[in-house]
Amino acid sequence: MFINNFDPVAFQIFSFEIRWYSLAYIVGILLGWFLSKKFFISDLKVREKFDDYLTYVILGLIIGGRLGYVVFYNFEFYINNLSDIFKIWQGGMSFHGGVIGIIIVSYFFAKRNSQSSFSYLDIVSFVAPIGIFFGRIANFINSELYGVETNVGWAVRFTQIDNLYRHPTQLYEAFFEGIVLFLVLLYLKNKSFSKRPGFISGIFLVFYSIFRFAIEFLRVPDEQLGYLLFNLTMGQLISIFFLIIGCYLLISKYENRQNS
């Protein structure tokens, strides 16, 4: 068993704090950008525009992630405290909201350049697990999104929360949504059926949603929401919606392949 007493602040310069969560975003974005340019972009037109596209991705990720958290997870609080929406440093980001934000900016960026949005979304899907991995490690360091009480040998006591030993669900997600998902996408990269635009995006949504849905059974639900419809968490309900979208993409791409 492990005791988590990490400081969420990585280092401090005078009164300016650099937190692990911020570093996770920075490292995930930079590493994703590097690997995209190095391994995952084959279209020359996409390569030429990708640096400009990255700015859109960052905006979509941050704005979408924040608004997603506001709408999905704490709407009642923020509707009565509108100025707090902008206080991102106090925490509160939604992965699903970030995905929606990236989809929206990708659509407009691609349309502006007369390209398919999937030409960009498929690339983002390849490297997204890297950002997810670092983000979940940061969640673990921050003692947030922790699991329910357990007595398994690898249980963790989050001293900033209480004295109970809990499932380190952040590490479960880092492993499955980060490492395993990345390996699955890497395996499919050179398969002929995965070349169709949108297929990789569909695979990403399907596997991420399955992993997220399953692991959330071991995670403590958000305090302000608790369990919702069918005793599921908000994260699970949204994951079902994204799973349906992912399945639709896969089926439509497969049918188009059969008809071509």
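Predicted model, so just to flag it, every value in this text is computed and none were measured.

*Asks:* Explain the nonpolar core to me, and be specific about the residues and the numbers.
*Replies:* In summary, soluble globular proteins display a tendency toward joint burial of nonpolar side chains. One finds Phe40, Phe50, Tyr53, Tyr120 and Leu185 to be the most contacted residues of the largest nonpolar core, which totals 41 residues. Apart from residues no more than four positions distant in its own chain, tyrosine 120 is found in contact with Lys45, Val46, Lys49, Phe50, Tyr53, Phe109, Ala110 and Gln115.

*Asks:* I'd like a description of the packing of aromatic side chains, backed by residues and values.
*Replies:* By the definition in use, this model includes 25 aromatic pairs. Look at tyrosine 53 and tyrosine 120: their rings are 4.5 Å apart centre to centre, the planes differ by 40 degrees, and that puts the pair in the tilted class. With tyrosine 53 in helix α2 (residues 44-73) and tyrosine 120 in helix α5 (residues 118-141), the pair connects residues that are 67 residues apart, well separated along the chain. Classification of tyrosine 120 by relative accessible area gives buried; the value is 0%. Ring geometry for phenylalanine 176 versus phenylalanine 211: centroids 5.5 Å apart, planes at 45 degrees, classification tilted. Placement of the pair is phenylalanine 176 in helix α6 (residues 169-188) and phenylalanine 211 in helix α7 (residues 199-215), with a sequence separation of 35 residues.

*Asks:* Got a sec to walk through the environment of phenylalanine 217? Specific residues and values, please.
*Replies:* Mapped onto the elements, phenylalanine 217 comes out in the loop between α7 and α8 (234-259). When the C-alpha atoms of phenylalanine 217 and asparagine 80 are compared, they prove to be 31 Å apart, with 137 residues separating the residues in sequence. Among residues more than four places away in sequence, those in contact with phenylalanine 217 are Leu232 and Gln236.

*Asks:* Let's hear about the sheet that holds strand β1 (residues 2-4): which residues, and what values?
*Replies:* The strand order across the open sheet built from 3 strands is β1-β4-β5, with neighbouring strands paired in mixed fashion. What marks the edges here is a single partner per strand, and that holds for β1 and β5 (165-166). One ladder, built from 2 bridges, connects strand β4 (residues 156-158) with β5; its direction is antiparallel. Its bridge partner lying in β5, valine 156 is registered against arginine 166.

*Asks:* Give a detailed account of the pattern of salt bridges, specifying residues and quantitative values.
*Replies:* Using the criterion set out here, one finds 10 salt bridges in the structure. Note that glutamate 17 and arginine 19 form a salt bridge whose closest N and O atoms lie 3.3 Å from each other. Taking relative accessible area as the criterion, glutamate 17 reaches 38% and is therefore assigned partly exposed. According to the relative accessible area criterion, arginine 19 is partly exposed, its value standing at 34%. Its salt-bridge partner being glutamate 177, residue arginine 136 comes within 3.6 Å of it at the nearest N-O pair. With a gap of 41 residues between them, arginine 136 in helix α5 and glutamate 177 in helix α6 connect regions that are remote in the sequence.

*Asks:* Please set out the pairing of strand β3 (residues 16-19) residue by residue, giving values where relevant.
*Replies:* Relative to β3, strand β2 (residues 9-13) is paired through 4 bridges, and the arrangement is antiparallel. Each bridged residue has a counterpart across the sheet, and for valine 9 the counterpart in β3 is arginine 19. Linking β2 back to β3 in an antiparallel pair, the connection comprises 2 residues, with phenylalanine 14 at a positive phi of about 55 degrees.

About the thresholds
Residues numbered from 1 in each chain as written. Predicted model: local features only at pLDDT ≥ 70, side-chain atom pairs only at ≥ 80, totals over all residues. Heavy atoms only, no water. Core = buried A, V, L, I, M, F, W, Y, C linked by side-chain atoms within 4.5 Å. Buried < 20%, exposed > 50% of the residue type's maximum accessible area, 1.4 Å probe, protein only. Contact = heavy atoms within 4.5 Å. Phe/Tyr/Trp six-rings, centres within 6.5 Å; stacked < 30°, edge-to-face > 60°. Helix = DSSP H or I, 4+ residues; strand = E, 2+ residues; numbered from the N terminus. Pairing = 2+ DSSP bridges. Salt bridge = Lys/Arg side-chain N within 4 Å of Asp/Glu carboxyl O.

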